[in-house]
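# Summary of structural features
Here is how the chains run, residue by residue.
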Amino acid sequence: MLPESAQAPVDTFWSGCHGTSMPLLLEGKPVAESIYAQLRASLPNTKRKPKLAVVLVGSDPASQTYVRSKAKKCEELGMASDTLELKASTSETELLNLIAKLNADDTVTGILVQLPLPSQISRHQVSLTIDPFKDVDGLHPVNAGLLMQGQPNFIPCTPAGIMEMLNFYKIEASGKKAVVIGRSEIVGKPMALLLQQANATVTVCHSKTPDIEKVCREAEILVVAMGKPKAVTQSWVSSGAVVVDVGIHRVEGKLCGDVDFEAVQSRVSAISPVPGGVGPLTIAMLMQNVLISAS
Ligand code: GUN
């Protein structure tokens, strides 16, 4: 959680601008910058030098871009990183052997295996093999269990970043009805747990939820991790809702989210843009987890 001084200078958010045509834009950059400022201040105090090992299997262009930006951010902050690139035909055993080596390497404090993985590799086996104390993605069952019990060590980066975003913009989750669309282990499930721990009443929707639009219209806070471009339109949101868009897609050469921004913006009180919303926070929280891995 960010200190008061790092929060946006807005008055109590909920007394604000419900249903007006100008929603508050939940931009990720200022939130990320305040996290980086805190990280820079804490870095000299780590027990060991933080070092992130990033493993990329295959050559998916989007994954290559993400992996490069993770390494670059480590460098900018003065943390070490190593990118290990494996061919798309790598067997599960080969990858697990590499992870075992990284687990045993005392200079490596954090390990991230970029997702998605080729179909011959089980992401569950990968998560199970990473040392839980080096699991900066927070996907090992020990870390998932600790989060479920309200005692987290590593929290998955995107939902952790969204909680920082809500805090920064003074959006109170306590007592609110929150709806999360998506039930993945990396976003939807941990997001629901974090909102619940912040005392929201949480509903999780997914592809088999009947009348999903109606359920979403109940939401005061709607987090969308659906994986479908512009799927959430005006009829899905209630007047004054806060909408956080986790999706990112390229459609006809333009980036967009899971939410049809133009369609909903006149109805909601706050919305995260795509790009520039959640994206910068995922990487900031990864850097925070790398720092924790060395502490
Ligand atoms: N692919 C897309 N987002 C992520 C992430 O947060 N972690 C990993 N490991 N892979 C991803």
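For the structure, see preceding data.
Described in the following lines is the structure provided in the data block.

What counts as what
Residues numbered from 1 in each chain as written. Predicted model: local features only at pLDDT ≥ 70, side-chain atom pairs only at ≥ 80, totals over all residues. Heavy atoms only, no water. Axes fitted to C-alpha atoms, helices over the stretch in contact; angles between N-to-C directions. Helix = DSSP H or I, 4+ residues; strand = E, 2+ residues; numbered from the N terminus. Parallel < 35°, antiparallel > 145°, perpendicular 65-115°, else oblique. Contact = heavy atoms within 4.5 Å. Nonpolar A, V, L, I, M, F, W, Y, C, P; charged D, E, K, R; others polar. Pairing = 2+ DSSP bridges. Expected span 1.5 Å × (residues − 1). Buried < 20%, exposed > 50% of the residue type's maximum accessible area, 1.4 Å probe, protein only. Phe/Tyr/Trp six-rings, centres within 6.5 Å; stacked < 30°, edge-to-face > 60°. Lys NZ or Arg CZ within 6 Å of the ring centre and 35° of its normal. Near = heavy atom within 4 Å. Polar contact = N/O pair within 3.5 Å; in protein donor to acceptor, adjacent residues only side chain to side chain. Areas by Shrake-Rupley, 256 points an atom, 1.4 Å probe, with all protein chains shown as cover.

Across the interface, helix α6 (residues 157–168) lies against helix α10 (residues 279–293) with an axial gap of 8 Å and an inter-helix angle of 105°. One element, α6, and the other, α10, form an angle in the roughly perpendicular class. The segment α6 lies against α10, with Cys157, Thr158, Ala160, Gly161, Glu164 and Met165 engaging Leu281, Thr282, Met285, Leu286 and Asn289. Of the residues that constitute the contact of α6 with α10, the class distribution is six nonpolar, four polar and one charged.

Turning our eyes to something else, we now look at the sheet that holds strand β3 (residues 80–86). Taking strand neighbours across the sheet as the criterion, the three strands line up as β3-β2-β4 in an open arrangement whose pairing is parallel. Since the sheet does not close on itself, it has two edges, and those belong to β3 and β4 (110–113), each with one partner. Between one strand axis and the next, the sheet turns through 15° on average, direction left out of account.

Right, let's talk about the sheet that holds strand β1 (residues 24–25) for a bit. The sheet built from six strands is open, its strands ordered β1-β11-β8-β7-β5-β6 with parallel pairing. Strands with a single pairing partner mark the edges of an open sheet, and in this sheet they are β1 and β6 (201–205). The pairing of strand β5 (residues 177–181) with strand β7 (residues 221–224) spans four bridges and is parallel. Each bridged residue has a counterpart across the sheet, and for Val180 the counterpart in β7 is Val223. Helix α7 (residues 188–197) contacts β5, β6 and β7 of the sheet and is inclined by roughly 170° relative to β5.

Moving on, we come to α6. Given a rise of 1.5 Å per residue, 12 residues ought to cover 16 Å, and the 16 Å separating the end C-alpha atoms of α6 matches this to within 8%. Within α6 the residues assigned to the buried category are Cys157, Thr158, Pro159, Ala160, Gly161, Ile162, Met163, Glu164, Met165, Leu166, Asn167 and Phe168. Residues of α6 that are buried make contact with α1 (28–42), α7, β7, β8 (242–245) and α10.

Another point: the packing of aromatic side chains. Taken as a whole and judged by the stated rule, the model has one aromatic pair. Measuring from ring centre to ring centre gives 4.9 Å for Phe168 and Tyr169, while their planes differ by 75°; the resulting arrangement is edge-to-face. Residue class for Tyr169 comes out buried when judged on its relative accessible area of 5%. The side chain of Lys73 reaches across the aromatic face of Tyr36, ending 4.3 Å from its centre.

Let's shift gears to the site of the ligand. Near the ligand, the surroundings consist of Leu112, Val113, Gln114, Leu115, Asp137 and Ile186. Between a nitrogen atom of the ligand and a side-chain N or O atom of Asp137, the distance comes to 2.5 Å. Summarising the interface, the protein chains cover 79% of the accessible area of the ligand, which totals 280 Å² for the free molecule. Taken together, the residues that form the shell around the ligand break down as four nonpolar, one polar and one charged.

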